[in-house]
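If you want the building blocks of each chain, they are given just below.
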Amino acid sequence: MLEGSRLLLPGLWLLASVSCLLGDAAGYRRKVTLQSIPGSNSSSANLLHVRAVGRNNTLHYVWSSIGAPTVLLLYTRSESSALRVNWTKLLSASPAGAIWVEPPGSVVYSTAVVFTKVFEYNGANVSALSKGQEEPFYPPYDLAGFSWQSVNHTVNQTALTAKFQGVDTSDPGGAFHNGTISFQVTAYEQGGRDGPLPRLLHTANSSKVEFIMDNVAPRGNSSRFMLEVVTVEEKGGHKRLQSVRSIDDEYTPTIFEMAQLVSEPRNDSIGPSFFQWKTTAYGSREASRENAIRCRYHPLQTANWTLPGPSIAHAYFGEGLGRSHHIAAINISFGGEDGEVYAEKGYLSWSALLGFGTPPKDAFSPLVMAIVVVALGTPVVLLLAGSLVVLFARRKRHSQYEPIN
Amino acid sequence: CPDSSLLPETCTALKHRAHRVRIWVVKICSVFCLNVTILQVIFATGALFNAFWLMEAGRFVFGIGGESLAVAQNAYAVSWFKGKELNLVFGLQLSMARIGSTVNMNIMGWIYSRVQDLLGSTGHSTLGFTLMIGGVTCIFSLICALILAYLDKRAEKILCKEQGKTGEVIKLTDVKDFSLSLWLIFIICVCYYAAVFPFIGLGKVFFIEKFKFSSQEASAINSIVYIISAPMSPVFGFLVDKLGRNIIWVMFAVVATLASHVMLAFTFWNPWIAMCMLGVAYSLLACALWPMVAFVVPEHQLGTAYGFMQSIQNLGLAIIAIAAGTILDSRGYLFLEVFFSACICLSLIAVVMLYFVNHLTGGDLNWSAKKREKLQKLAAAE
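Source: prediction; values computed, not measured. (Residues numbered from 1 in each chain as written. Chains lettered and ligands numbered in written order. Predicted model: local features only at pLDDT ≥ 70, side-chain atom pairs only at ≥ 80, totals over all residues. Heavy atoms only, no water.)

Helix and strand content of chain B: 11 helices and 0 strands. Along chain B, helices (α) and strands (β) appear in the sequence α-α-α-α-α-α-α-α-α-α-α when read from the amino end. Scored against the burial criterion, the 382 residues of chain B give a buried share of 49%. Of the contacts formed within chain B by residues at least 6 apart in sequence, a portion of 77% connects residues at least 24 apart. Element-wise, carbon and sulfur atoms account for 70% of the exposed surface of chain B, whose accessible area totals about 18,300 Å². (Helix = DSSP H or I, 4+ residues; strand = E, 2+ residues; numbered from the N terminus. Buried < 20%, exposed > 50% of the residue type's maximum accessible area, 1.4 Å probe, protein only. Contact = heavy atoms within 4.5 Å. Areas by Shrake-Rupley, 256 points an atom, 1.4 Å probe, with all protein chains shown as cover.)

Here's what the structure looks like:
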């Protein structure tokens, strides 16, 4: 057993250094600018354009709360590509083609992630839910019908963050009397690790989106929430759900799993895109292990899904959305049998990373390696040294013995 | 009279000392039993009347009584069984304690729900009643202590006549006379238990999150260590009695525990294997380690030695438990397991050093049972 673990360590060290190198190769600096595109007088019509310029390529993230909150990820092979918006067409009934990138044809890869609905259900009888019978669901909150505050004031150019904050306009039950649902966006210029939990490792080719529920009153005593996330993949590509399990939970204590949606590799070797998250949420602005909320994901549903409108995905992808584009949906639920964390704290925050390229992977920290080597090595060294001492002592005793004759 | 090979005067002095130890042990044992019973009642009363401070006071003094009870128990066991089935007795002691813990963990929840049905409400009064019912077992413990005291007094009368109150006084400063072997045994004890009990305390979430166990499965695997040690401790005690070589057994136990922690930390192998190994190692260590104290310490210092061992074990557990919680919150389970492995390695270093110290000073800790029996027969024949 000990030999196996000692072979493991040099292997892990090698893996760690190789992954660091790979990370460096892909995670060079990008020049990032955030811009809230002014459009109409309606404050709900928010369009945030994040432009990350690298070497010979540009990543455009287009965040919007027009319709359902959506993010478009566009990868172009030009450093001077620019986003163009036709506002009248965008806000009309048929927005197809209202958003495009100039020069045309420079977009090599595009994908979209749409947050469509927030479900609320009675979590007391969770076993019934997993069997699929008698889902005790309350009427869902349709994020497309929310009214959002202007994102302009929330743009922070130094921290590269912005926040979309919204309430349900219909709000029959008065749940949004004091509460809001927000999406906080953080862009990154280079690779690194987040400070606050869940301390996601990011590259320069990624952005973080944080889904926050603040003081939305639950409609039952043991309410649990579920977020529906829809991905759009173009030109016949697919997104696959992967579960990456690791023995290392150093950066997110007690969480050993990272779930990710990765697009399948294509013939033209354009890097995949990913949408990854750690299977945990937190119940406080100061996220810590004590207020962790269990986060579980359900299988990816791909069959016959159509994207409910409106959304800027329709504006960019146009009429092809139904035909050549592949749409998949996944439900992410928050809360488990471990208690009513949301009911007590009234706050829920879940972070996910959206990016281009190979999804980043955590590696061991040098401190852990050092401790293991020292701790496991010392007794062995001591045993060897002690055996040598005993052997010498025995030989000395024997050599001092003089035979009688 | 024991030790009849010695001169009559020394024999008398030894008798006095042994007698004084016996009286001390008997008194202390009964007092602590009474202490424990009274304080369980105080704890339960605190719960009944919703006075948390009373519960805390009860627990605080319960701690004083309960642990010292263990010391008195150890001293009793040695005074009755040294040179005979000491390892088996320690194994049985541990086994009984673990059966008690297991029964407690499984039954108390059920009793609580029954009382809840009876009273029709949850809350402090239900808790108080449940704890009172638990307190009944303390009374049973007290009755056993009184019976033991009577048996001990009877043994005194049969074996040796009561002499006058001369003889050496037992001093706390005997601590400075402890040999290097004893200090190494203390280190082994502290470092080993510090890597087992806090781990079991924090382990449930580990099994739920890393190995995707359900809540019940995680509780079950957590308690497997105690469930295994209940039947295995007497078996191992018997084995160590028959074979001797205590230090080698301790080394096996420590290495097995280290292997188990490494498996849990660095692999996704079925954790039942690691936890069963941990349970077996834990039982083996208890049977082989505690009797070693009786071999390195003279009889009149035995109580002090065991008391000291218990006390630093508990101090170590308290400090490490707090440290473990902090490490878990800030750095997660991998780091915690590495930390526990480091503690076990410290224990392993102490075992290795103990082996060499014992070997080089010609000590008798690692003698096989046959050798010990032979020397005893030789001593009795003279």
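In terms of helices and strands, chain A carries 6 helices and 22 strands. When the 405 residues of chain A are sorted by exposure, 52% land in the buried category. Of the contacts formed within chain A by residues at least 6 apart in sequence, a portion of 67% connects residues at least 24 apart. If you sum the accessible surface of chain A, you get close to 18,800 Å²; carbon and sulfur atoms cover 55% of it.

Taken together, the 34 residues of chain B in the interface contact 35 residues of chain A. Overall, the association of chain B and chain A removes approximately 3,100 Å² of surface from exposure, summing both partners, and the carbon and sulfur fraction of that is 75%. A salt bridge links Glu250(A) to Arg331(B), with the nearest nitrogen and oxygen atoms 3.4 Å apart. Across the contact surface, chain B and chain A share 6 residue pairs in polar contact (both at pLDDT 80 or more). Elements supplying a minimum of two residues to the side of chain B that touches chain A: helix 6 (197–210), helix 8 (246–266) and helix 10 (302–360) of chain B. (Buried area = accessible area lost by both parts, 1.4 Å probe. Salt bridge = Lys/Arg side-chain N within 4 Å of Asp/Glu carboxyl O. Polar contact = N/O pair within 3.5 Å; in protein donor to acceptor, adjacent residues only side chain to side chain.)

In total, this model carries 44 aromatic pairs over all chains according to the counting rule given. Ring geometry for Phe199(B) versus Phe340(B): centroids 6.2 Å apart, planes at 80°, classification edge-to-face. Here Phe199(B), found in helix 6, pairs with Phe340(B), found in helix 10; they are 141 residues apart in sequence, far enough to count as distant. Considering the side-chain rings of Phe339(B) and Phe340(B), the 5.9 Å spacing of their centres and the 45° angle between planes classify their relative orientation as tilted. Owing to a relative accessible area of 22%, Phe339(B) belongs among the partly exposed residues under this scheme. Judged by its relative accessible area of 0%, Phe340(B) falls in the buried class. Grouping aromatic residues by their ring pairs yields a cluster made of Phe115(A), Tyr141(A), Phe146(A), Trp148(A), Phe176(A), Phe183(A), Phe211(A), Phe275(A), Trp277(A), Tyr297(A), Phe334(A) and Trp350(A). Stacked on the ring of Tyr28(A), the Lys or Arg Arg55(A) has its end atom at 5.0 Å from the ring centre. Residue placement shows Arg193(A) over the ring face of Tyr251(A); its charged tip is 3.4 Å from the ring centre. (Phe/Tyr/Trp six-rings, centres within 6.5 Å; stacked < 30°, edge-to-face > 60°. Lys NZ or Arg CZ within 6 Å of the ring centre and 35° of its normal.)

Moving on, we get to unusual backbone geometry. All names here are of chain A. The step from Glu102 to Pro103 runs through a cis peptide bond, and the omega angle for that step is 5°. Mapped onto the fold, Pro103 is located in the loop between strand 6 (99–102) and strand 7 (107–122). Here the residue pair Leu197 and Pro198 is connected by a cis peptide bond, since its omega of 5° sits within 30 degrees of zero. Mapped onto the fold, Pro198 is located in the loop between strand 12 (192–193) and strand 13 (201–202). The backbone of Arg199 shows a phi angle near 50°, a positive value even though the residue is not glycine. Along the polypeptide, Arg199 turns up in the loop between strand 12 and strand 13. You can call Arg199 partly exposed: its relative accessible area is 23%.

Here we come to the nonpolar core. In terms of nonpolar packing, the biggest core is built from 98 residues, with Tyr192(B), Tyr193(B), Phe207(B), Val250(B), Met275(B), Leu289(B) and Tyr306(B) touching the most fellow members. Broken down by element, this core gets its largest block of residues, 25 residues, from helix 10 of chain B. Discounting residues that sit within four places of it in the chain, Phe207(B) has contacts with Phe199(B), Lys212(B), Phe213(B), Ala218(B), Ile221(B), Asn222(B), Leu264(B), Pro271(B) and Met275(B). By size, the runner-up hydrophobic cluster in this structure holds 57 residues, among which are Val113(A), Ala162(A), Tyr342(A) and Phe356(A). (Core = buried A, V, L, I, M, F, W, Y, C linked by side-chain atoms within 4.5 Å.)

Residues and elements named next belong to chain B. As recorded in UniProt, the sites labelled "transmembrane region" (unreviewed entry) are residues 24–54, 131–151, 180–200, 220–240, 247–266, 272–296, 308–328 and 334–357. Secondary structure content for residues 220–240 is 100% helix and 0% strand, while the C-alpha to C-alpha distance between its ends is 29 Å. Annotated as 100% helix and 0% strand, the span residues 247–266 places its first and last C-alpha atoms 28 Å apart. (UniProt positions renumbered as here; feature names shortened; annotations may be inferred.)

Turning to the pairing of strand 14 (residues 206–214) of chain A, a few remarks are in order. All names here are of chain A. Across the 9 residues of strand 14, 9 count as buried, placing the element largely inside the fold. Residues Ser206, Lys208, Glu210, Ile212 and Asp214 point to one face of strand 14 and Ser207, Val209, Phe211 and Met213 to the other, with burial holding for every one of them. When strand 11 (residues 180–187) meets strand 14, the two strands line up antiparallel, connected through 8 bridges. Counted as the bridge partner of Phe183 is Phe211 from strand 14. (Pairing = 2+ DSSP bridges.)

As a general feature of sheets, a regular strand has side chains that alternate between the two faces. Residues and elements named next belong to chain A. Within strand 18 (residues 273–278), 6 of the 6 residues are buried, which leaves the element mostly enclosed by the surrounding structure. Side chains Ser273, Phe275 and Trp277 of strand 18 all project onto a buried face; the interleaved residues Phe274, Gln276 and Lys278 project onto the opposite face, where all are buried too. Across 5 bridges, strand 17 (residues 257–263) lies against strand 18 in antiparallel orientation. Within strand 18, the position partnered with Val262 by the bridge is Phe274. Note that strand 18 and strand 22 (residues 347–356) share 4 bridges and pair antiparallel. Counted as the bridge partner of Gln276 is Leu353 from strand 22.

What follows concerns the UniProt feature "transmembrane region" (unreviewed entry) in chain A. When the UniProt feature table is mapped onto this chain numbering, "transmembrane region" (unreviewed entry) sits at residues 367–393 of chain A. The distance from the first to the last C-alpha atom of residues 367–393 of chain A is 39 Å, and the span holds 100% helix and 0% strand.

Residues and elements named next belong to chain B. With their axes 14 Å apart at the nearest point, helix 6 and helix 9 (residues 271–296) run at an angle of 170° to one another. One finds that helix 6 runs roughly antiparallel with respect to helix 9. Our pair here, helix 6 against helix 9, has a crossing hand that is left-handed. For the pair helix 6 and helix 9, contact is made by Phe197, Phe199 and Phe207 and by Pro271, Met275, Leu278 and Tyr282, respectively. Partitioned by chemical class, the residues of the contact of helix 6 with helix 9 number 7 nonpolar, no polar and no charged. (Axes fitted to C-alpha atoms, helices over the stretch in contact; angles between N-to-C directions. Parallel < 35°, antiparallel > 145°, perpendicular 65-115°, else oblique. Left-handed = near helix turned anticlockwise from the far one by under 90°. Nonpolar A, V, L, I, M, F, W, Y, C, P; charged D, E, K, R; others polar.)

All names here are of chain B. Relative to the assigned elements, Leu86 resides in helix 3 (residues 86–119). On a C-alpha basis, the gap between Leu86 and Phe238 in space is 8.9 Å, while along the polypeptide they are 152 residues apart. Residue contacts for Leu86: discarding those within four places in its chain leaves Ala77, Val78, Phe81, Asp241, Pro291 and Ala294.

Residue and element names in this part refer to chain B. Relative to the helices and strands, Asp241 is located in helix 7 (residues 215–243). Here Asp241 sits buried without a salt bridge, and the closest side chain of opposite charge, Lys242, lies 6.9 Å off (N-O distance). Setting aside residues up to four positions removed in sequence, Asp241 forms contacts with Lys84, Glu85, Leu86, Asn87, Leu88 and Ala369. (Lys, Arg positive; Asp, Glu negative; His and termini not counted.)

Residues and elements named next belong to chain B. Side chains of Trp80, Ile139, Ile143, Ile147, Tyr150 and Leu151 sit close together on the surface and give an oily, nonpolar patch of about 570 Å² of accessible area. In terms of residues, the nonpolar patch owes the most to one element, helix 4 (residues 124–159), which gives 5 residues. In this structure, Ile147 sits in helix 4. For Ile147, a relative accessible area of 47% corresponds to the partly exposed category. (Patch = residues over 30% accessible without salt bridge, like charges linked within 9 Å, V, L, I, M, F, W, Y side chains within 5 Å.)

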